[in-house]
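In case you want the letters, here they are:
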Amino acid sequence: MSKAFDILVIEDESDLRDAVVGFLAQMGNETAGVDSVEAAERWLERNDASVLVLDLSLPGESGLEWLQRRVDLKEKGIMMVTAAGSDAERIAGRAAGADGYFVKPVNLVELGMSVKNLLERLRVADRWMLDSLTWELTAPNGKVAKLTASELTLMECLAEKPGGIVERATIIERLGEDPDAYDIRRMEVMIRRLRTKISETLSMDPPISTVRATGYAFTAKLDWSGETVS
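Conventions we followed
Residues numbered from 1 in each chain as written. Predicted model: local features only at pLDDT ≥ 70, side-chain atom pairs only at ≥ 80, totals over all residues. Heavy atoms only, no water. 1 Å grid on protein atoms, 1.4 Å probe; cavity = no way out; pocket = protein on both sides within 12 Å on 5 of 7 lines; lining within 4 Å. Points joined across faces, edges and corners; volume = space filled by probe spheres on them. Helix = DSSP H or I, 4+ residues; strand = E, 2+ residues; numbered from the N terminus. Nonpolar A, V, L, I, M, F, W, Y, C, P; charged D, E, K, R; others polar. Pairing = 2+ DSSP bridges. Axes fitted to C-alpha atoms, helices over the stretch in contact; angles between N-to-C directions. Contact = heavy atoms within 4.5 Å. Core = buried A, V, L, I, M, F, W, Y, C linked by side-chain atoms within 4.5 Å. Buried < 20%, exposed > 50% of the residue type's maximum accessible area, 1.4 Å probe, protein only. pLDDT = per-residue confidence, 0-100.

1. Here's the deal with the layout of surface pockets
Rolled over the atoms, a probe with the dimensions of a water molecule shows which regions are left empty. Reported here for the largest pocket is a volume of approximately 460 Å³. What lines the largest pocket is a set of 15 residues, and nearest its centre among them are Asp 48, Ser 50, Glu 75, Leu 122 and Asp 126. Where the lining of the largest pocket is concerned, the elements lending two or more residues are β1 (3-10), β3 (47-55) and α5 (108-125). Classifying every residue of the lining of the largest pocket gives five nonpolar, one polar and nine charged.

2. Observations regarding the sheet that holds strand β12 (residues 222-225)
Picture the strands of a sheet paired through backbone hydrogen bonds; they go either parallel or antiparallel. One open sheet accounts for four strands, arranged β8-β7-β6-β12; its pairing is mixed. Taken across any chain shown, the strands that pair with only one partner, and hence form the sheet edges, are β8 (144-146) and β12. When the angles between neighbouring strand axes are averaged without regard to direction, this sheet yields 20°. Sheet topology places strand β7 (residues 136-138) next to β8; three bridges connect them, and they run antiparallel. Of the residues in β8, the one forming a bridge with Thr 138 is Val 144. Against the sheet, helix α8 (residues 184-202) makes contact with β6 (128-131), β7 and β8, and its axis sits at roughly 140° relative to β8, the strand it touches most.

3. Some details on the sheet that holds strand β5 (residues 100-103)
The five strands lie next to each other as β2-β1-β3-β4-β5, forming an open sheet whose pairing is parallel. For this open sheet the edge positions go to β2 (31-34) and β5, each flanked by a neighbour on one side alone. The sheet shows a mean angle of 25° between the axes of neighbouring strands, taken without regard to direction. Note that β1 and β3 share seven bridges and pair parallel. Following the sheet pairing, Ile 10 is matched in β3 by Leu 54. Along the sheet, helix α1 (residues 14-26) makes contact with β1, β2 and β3, crossing β2 at roughly 170°. Helix-sheet contacts for helix α4 (residues 87-95) involve β4 (77-82) and β5, and the interaxial angle to β5 is about 145°.

4. Brief notes about the nonpolar core
Counting 27 residues, the largest nonpolar core has Trp 128, Leu 130, Leu 137, Met 155, Leu 158, Met 187 and Leu 222 as the members making the most contacts within it. Elements supplying a minimum of two residues to this core: β6, α6 (149-160), α7 (168-174), α8, β11 (215-218) and β12. Judged by nonpolar contacts, the second largest core, of 24 residues, contains Ala 32, Val 37, Leu 54 and Tyr 101.

5. Observations regarding the confidence of the model for the protein chain
Residues at a pLDDT of 70 or more form 96% of the protein chain, whose mean pLDDT is 89. Across the protein chain, β2 holds the top mean pLDDT of 96, while α4 sits lowest at 78.

6. Some details on unusual backbone geometry
Of note, the amide linkage connecting Lys 104 to Pro 105 takes the cis form, showing an omega dihedral of 0°. Its location among the elements puts Pro 105 in the loop between β5 and α5. We note that Trp 135 has phi near 60°; this positive angle belongs to a residue other than glycine. Turning to its location among the elements, Trp 135 is positioned in the loop between β6 and β7. Given a relative accessible area of 36%, Trp 135 falls into the partly exposed group.

Below you can see the structure in the form of structure tokens.
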């Protein structure tokens, strides 16, 4: 089973690597270090990291070449650390996906604060957001879907119990209906339409799970603002 780290430091200078890993770990981050791109690729086969602190001048494949080849790494936070500081090199690093660029010798406090801010932004971006005032559901990719009144009520029920199962009867009552007389097929249609809206409008898989004969659960991180229901 893979382990999720906050930060992977990729630096071939062992003293600097140890100093960076140690400092970031002291700040409360799960941090690991390797000495090359090749070692990083092996490490990422078994683990994951939200932020890469990457030296561009590495033995074997350079950090810049790696980023240009592995476009999927742009989904992570990238802090570049290098002895090269020309404008052309900085621009190349930014174009490859860098969120920050530090020229050696590195100020560990400045690097640590930059990584901290980047981690916080990434953690917010990893969440769905429900706004009861605007009737909007925002996906982690930033796309927004307008909800109907019944969809908003459903999402509020799910938001009250994040990751937990919300029984059908609870949702039906919140919709202002009688659970004994309500045609459950109406809810199934609503759920199906909401999932389709999320897939087509927000371009993401809908994290709404059906628990057979019981109810539903929202199985992703969800922030809820503008609550209108107690």
